[in-house]
Amino acid sequence: MNTKTIRIIIVFAVVSLVGMIATQIFWVKNAYNLEEKQFNDRVHLALTNVTRELLKINKDESVLMNPVKQVSSNYFTTIINDTVHPYLLETLLKKHFTNRNLNIDFEYVIYDCFTDSVVFGNYISIEETDKDELQAVSYNMEWDKDGHYFGVYFPTKQTYIMNKMGIWIFSSSIILIIIMFFSYTINIILKQKRLSEIKNDFINNITHEFKTPISTISLSAEVLLNPDIINQPERLKNYAKIIQDENNRLKNQVDKVLQLATIERDKLKLENEAIDIHQLITESVKSFELLVNQKEGIITTNLNATNFIFYGDKVHISNALYNLIDNAIKYSPEKPEISISTSPYKDGIEISVRDNGIGISDEAHKQIFEKFYREPTGNVHNIKGFGLGLNYVKTIVEAYNGTVRLVSKKGEGSTFIIKLPLKM
Ligand code: ADP
């Protein structure tokens, strides 16, 4: 699948998902409003009937116009201007709410119209009722007084309506699952695509890297096969040297690819021998000195760790160190200034390799240790490599419970800091 197709698929899918979400929100909102309206209407009717029945019981002939008022979303008041007995009111409220299928907790309050103060209030749960207690309380009070109004409050109205919307909650959850599933799939497609690009790059890179020394060796061999070359010993020596150099280059490249094969998890078998880290650094520095001198650079060491005997695999540890120094030289286009230092930390040793090279951008920091990753900008493409070195370093260091971290800014050099615990 090419990038354009993937982009089109993502755009279409995102647009249709956004459309689906918007439609769902619209319908859920509509359904909620409808449920709420039905609830309010039913409460209105129930309270009107309660008022009528109360007046009838009180033998009051007056006709009240719109006695029920909705004060807020879940609070209703009813003006009755007559005696309201709590026990009677509560019984009627329960009866009419049940008739209207309103199985919800509520709180009622009886007010005195003249003083506008609360005379009585009670919370009614649909699960339990304290009938006897209420009867006792209300019988002991003087209720024979006109001018009452009462309010009914539904503290759980929102939850009650939401519970009635089960099917909508179910369909919204399904949509949520679809979105999660979709995002996961897109993520996998993008990851796979990146991986296949990286692999293609790697194959192109490796072919190119192997082809150049092979053709140089082949050309040099042709020259050496010429019988006249015997009479030109200087030329012969030059061509033999070219073959040797190119052969070393090939060997280095094959080693790099083999490093990858050896660190594939199951195959990583680590020895446990005593390694003098300081000696290892000194030896590695020596082997790079010639190369650094050729580039008119300098490589220095600053070995301050007090405990520097590490139990591990000498080959892998020195390969890791070699990769870091090799990178420091490779990515310093002019006069490399490389400094390798050690210092003690907790129960371990800290090794840092610093250079004054091209540095690494903030965006690349996270990916730099990934297999095949190469920073895709600037002159980096002119520098040969497979993007395997740092991944190898990380795998080895982590195999010994150590950490490797990078401090770098584009254009300001890089420092790789390894921390290795000395007690395994
Ligand atoms: P390679 O050097 O073969 O490409 P590495 O895994 O060693 O692979 O490095 C991955 C990438 O990290 C390199 O392509 C380069 O972009 C960046 N990098 C590594 N070391 C340095 C360094 N010392 N300075 C600048 N960039 C570096």
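Thresholds, definitions, all that
Residues numbered from 1 in each chain as written. Predicted model: local features only at pLDDT ≥ 70, side-chain atom pairs only at ≥ 80, totals over all residues. Heavy atoms only, no water. Helix = DSSP H or I, 4+ residues; strand = E, 2+ residues; numbered from the N terminus. Rg over C-alpha atoms; globule rule 2.2 N^0.38 Å. Buried < 20%, exposed > 50% of the residue type's maximum accessible area, 1.4 Å probe, protein only. Contact = heavy atoms within 4.5 Å. Areas by Shrake-Rupley, 256 points an atom, 1.4 Å probe, with all protein chains shown as cover. Lys, Arg positive; Asp, Glu negative; His and termini not counted. Charge placed at Lys NZ, Arg CZ, Asp CG, Glu CD. Phe/Tyr/Trp six-rings, centres within 6.5 Å; stacked < 30°, edge-to-face > 60°. Lys NZ or Arg CZ within 6 Å of the ring centre and 35° of its normal. Near = heavy atom within 4 Å. Polar contact = N/O pair within 3.5 Å; in protein donor to acceptor, adjacent residues only side chain to side chain. Nonpolar A, V, L, I, M, F, W, Y, C, P; charged D, E, K, R; others polar. Pairing = 2+ DSSP bridges. Axes fitted to C-alpha atoms, helices over the stretch in contact; angles between N-to-C directions. Domains from an automatic or database assignment. Buried area = accessible area lost by both parts, 1.4 Å probe. Salt bridge = Lys/Arg side-chain N within 4 Å of Asp/Glu carboxyl O. Arc of directions from axis to C-beta.

1. Focus: the overall build of the protein
Within the protein, the secondary structure is distributed over 10 helices and 12 strands. The C-alpha atoms of the protein give a radius of gyration of 42 Å, which is well past the 22 Å a tight globule of 424 residues would have. For the C-alpha atoms alone, the extent of the protein along its principal axes is close to 140 × 55 × 40 Å. Burial status across the protein gives 38% buried among its 424 residues. Taking all contacts inside the protein whose residues are at least 6 apart in sequence as the whole, residues at least 24 apart take part in 73%. Roughly 25,400 Å² of accessible area belongs to the protein as shown, and the carbon and sulfur atoms make up 57% of that amount. Each charge sign in the protein was given a centre, from 47 positive and 50 negative side chains, and these centres are 8 Å apart.

2. What about the packing of aromatic side chains?
Per the counting criterion, the structure on display carries 13 aromatic pairs. For the ring pair Phe288 and Tyr322, a centre distance of 4.8 Å and an interplane angle of 40° mean the geometry is tilted. Separated by 34 residues along the polypeptide, Phe288 in helix α7 (residues 277–294) and Tyr322 in helix α8 (residues 314–330) bring together distant segments of the chain. Among the aromatic residues, those joined into a ring-pair cluster are Phe39, Phe76, Phe97, Phe106, Phe154 and Tyr160. The ring of Tyr345 has Lys419 sitting right over it, with the charged end atom 5.2 Å from the ring centre.

3. Focus: the site of the ligand
Every one of the 21 residues lining the ligand counts as a neighbour, but Asn327, Tyr331, Asp355, Arg374 and Leu390 are closest to it. In this structure, a nitrogen atom belonging to the ligand sits 2.9 Å away from a side-chain N or O atom of Asp355. Interatomic distance of 2.5 Å between a side-chain N/O atom of Arg374 and an oxygen atom of the ligand. For the ligand, whose accessible area on its own is 530 Å², the fraction buried by protein is 100%. Of all the secondary structure elements, the ones that give two or more residues to the shell around the ligand are α8, α10 (389–399) and β12 (414–421). With three residues, the top contributor of residues to the shell around the ligand is α8. Residue classes in the shell around the ligand are distributed as 11 nonpolar, six polar and four charged.

4. What to know about the pairing of strand β2 (residues 75–82)
Of all eight residues that make up β2, six are buried, and the element is covered over most of its length. One ladder, built from four bridges, connects strand β1 (residues 68–72) with β2; its direction is antiparallel. The partner of Val68 across the bridge, within β2, is Thr78. Here β1 folds back onto β2, and the loop between the two strands holds two residues. Looking at chain direction, β2 and strand β5 (residues 148–153) are connected through six bridges and run antiparallel. Opposite Phe76, over in β5, you have Val152 as the bridge partner.

5. Focus: the side chain of Lys157
Structurally, Lys157 is set in helix α4 (residues 157–164). A distance of 3.1 Å separates the side chain of Lys157 from the side chain of Asn40, its partner in a polar contact. Those residues in contact with Lys157 that sit more than four places away from it in its chain are Glu36, Phe39, Asn40, Gln70, Ser73, Asn74 and Ile104.

6. Observations concerning the sheet that holds strand β4 (residues 117–124)
Overall, antiparallel pairing links the five strands, which are arranged β1-β2-β5-β3-β4 in an open sheet. Every other strand in the sheet has two partners, leaving β1 and β4 as the edge strands with one partner each. Along the sheet, successive strands turn relative to each other by an average axial angle of 20°, direction set aside. Inspection of the sheet shows strand β3 (residues 106–112) paired to β4 by seven bridges, in the antiparallel sense.

7. Looking at the domain arrangement of the protein
Taken as a whole, the protein is organised into domain 1 (37–164), domain 2 (197–262) and domain 3 (273–421). Overall, the association of domain 2 and domain 3 removes approximately 1,300 Å² of surface from exposure, summing both partners, and the carbon and sulfur fraction of that is 68%. For domain 2, the biggest contributors to the area lost against domain 3 are Phe202, Lys256 and Gln259; these three give 42% of the whole. Here domain 2 is connected to domain 3 by zero salt bridges. Inspection of the region where domain 2 meets domain 3 yields zero residue pairs in polar contact (both at pLDDT 80 or more).

8. Focus on the pairing of strand β11 (residues 403–408)
Each regular strand shows side chains that alternate between the opposite faces of the sheet. The alternating pattern of β11 places Val404, Leu406 and Ser408 on a buried face, while none of Thr403, Arg405 and Val407, on the opposite face, is buried. Pairing geometry for β11 and β12, over six bridges, is antiparallel. Directly across from Leu406, in β12, lies its bridge partner Phe416. Counting the residues that bridge the hairpin from β11 to β12 gives five residues, and of these Gly411 lies at a positive phi of roughly 85°.

9. Thoughts on the sheet that holds β12
Across a sheet, paired strands are connected by hydrogen bonds in the backbone, their directions being either parallel or antiparallel. Strand order in this open sheet of five strands is β7-β9-β10-β12-β11, and the pairing throughout is mixed. The strands lining the two open edges of the sheet, one partner per strand, are β7 (298–303) and β11. Neighbouring strand axes in the sheet, compared pairwise and without regard to direction, differ in orientation by 15° on average. Two strands pair when backbone bridges link them, and strand β10 (residues 348–355) and β12 are joined in this way by eight bridges, in the antiparallel orientation. Paired with Gly348 across the two strands is Pro421, which belongs to β12.

10. What to know about α4
Residues of α4 that are buried: Lys157, Tyr160 and Ile161. Buried residues of α4, viewed axially, fall in a sector of 95°; they line one side. Considering only its buried residues, α4 is in contact with α1 (3–57) and β1.

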